[in-house]
Amino acid sequence: DGEIGEDHEPESHLIPIACQAALGRRAPFEIYGTDYPTPDGTAIRDYVHVADLAAAHLAALDDLLAGGASGAFNLGTGVGHSVASVIQAVEAAAGRSVPVRHAARRPGDSAVLVADPSAARRRLGWTPRIPGIEAIVASAWRWHVKRHGPPL
């Protein structure tokens, strides 16, 4: 609903950086590597909405209060999205292009990183309710427009 969002310095997360670039509030978005062994050559990651992360943490607290043991869980959708597809989702939400600059891969970056949330589903009964990248990005876009104003 545009009421909460991510804002910290320095910003290091893809979706906020892409939103800020689309708003004209920062330099072009840098895509680090276009030669990964993925369908479009860009890295693939799992993106989860902050509201789903909060719900998972509440479920973990409920589990602990009910006597459950501490545990570690992968929280994500279990579905990966490429950097290029996230940029496309930002462009769709914004109704304008994201200025992009291609750069070399960063040392140590993996081609694909996707969470396996099955343990959180089994133990906590948690599954993400906002699994689509389009909905995640649209939510972030609304917040950035509200926080930073319309595109320049």
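Residues numbered from 1 in each chain as written. Predicted model: local features only at pLDDT ≥ 70, side-chain atom pairs only at ≥ 80, totals over all residues. Heavy atoms only, no water.

*Asks:* Is there a simple way to explain the sheet that holds strand 2 (residues 44–46) in this structure?
*Replies:* The strands making up a sheet associate through backbone hydrogen bonding, with each pair oriented either parallel or antiparallel. As summarised here, the arrangement of the three strands in space is 3-2-5, forming an open sheet in which the pairing is mixed. A strand with exactly one partner marks an edge of an open sheet, and here the two such strands are strand 3 (80–82) and strand 5 (112–113). In the sheet, strand 2 pairs with strand 3 via three bridges, with the strands oriented antiparallel. Paired with Ile44 across the strands is Ser82, a residue of strand 3. (Pairing = 2+ DSSP bridges. Helix = DSSP H or I, 4+ residues; strand = E, 2+ residues; numbered from the N terminus.)

*Asks:* Would you explain the environment of Pro131 in this entry?
*Replies:* Summarising the element assignment, Pro131 is placed in the loop between helix 4 (118–124) and helix 5 (133–148). Among the residues examined, Pro131 registers a relative accessible area of 47% and is labelled partly exposed. When the C-alpha positions of Pro131 and Arg147 are compared, they lie 24 Å apart, and in sequence the two are 16 residues distant. (Buried < 20%, exposed > 50% of the residue type's maximum accessible area, 1.4 Å probe, protein only.)

*Asks:* Would you mind showing me how to read the environment of Ala56 here?
*Replies:* Relative to the helices and strands, Ala56 resides in helix 2 (residues 50–65). On the accessibility criterion, Ala56 (3% relative accessible area) is buried. Distance from Ala56 to Gly76, taken between C-alpha atoms, is 9.9 Å for residues 20 residues apart in sequence. Ignoring any residue separated from it by four or fewer positions in sequence, one finds Ala56 in contact with Leu75, Leu124 and Trp126. (Contact = heavy atoms within 4.5 Å.)

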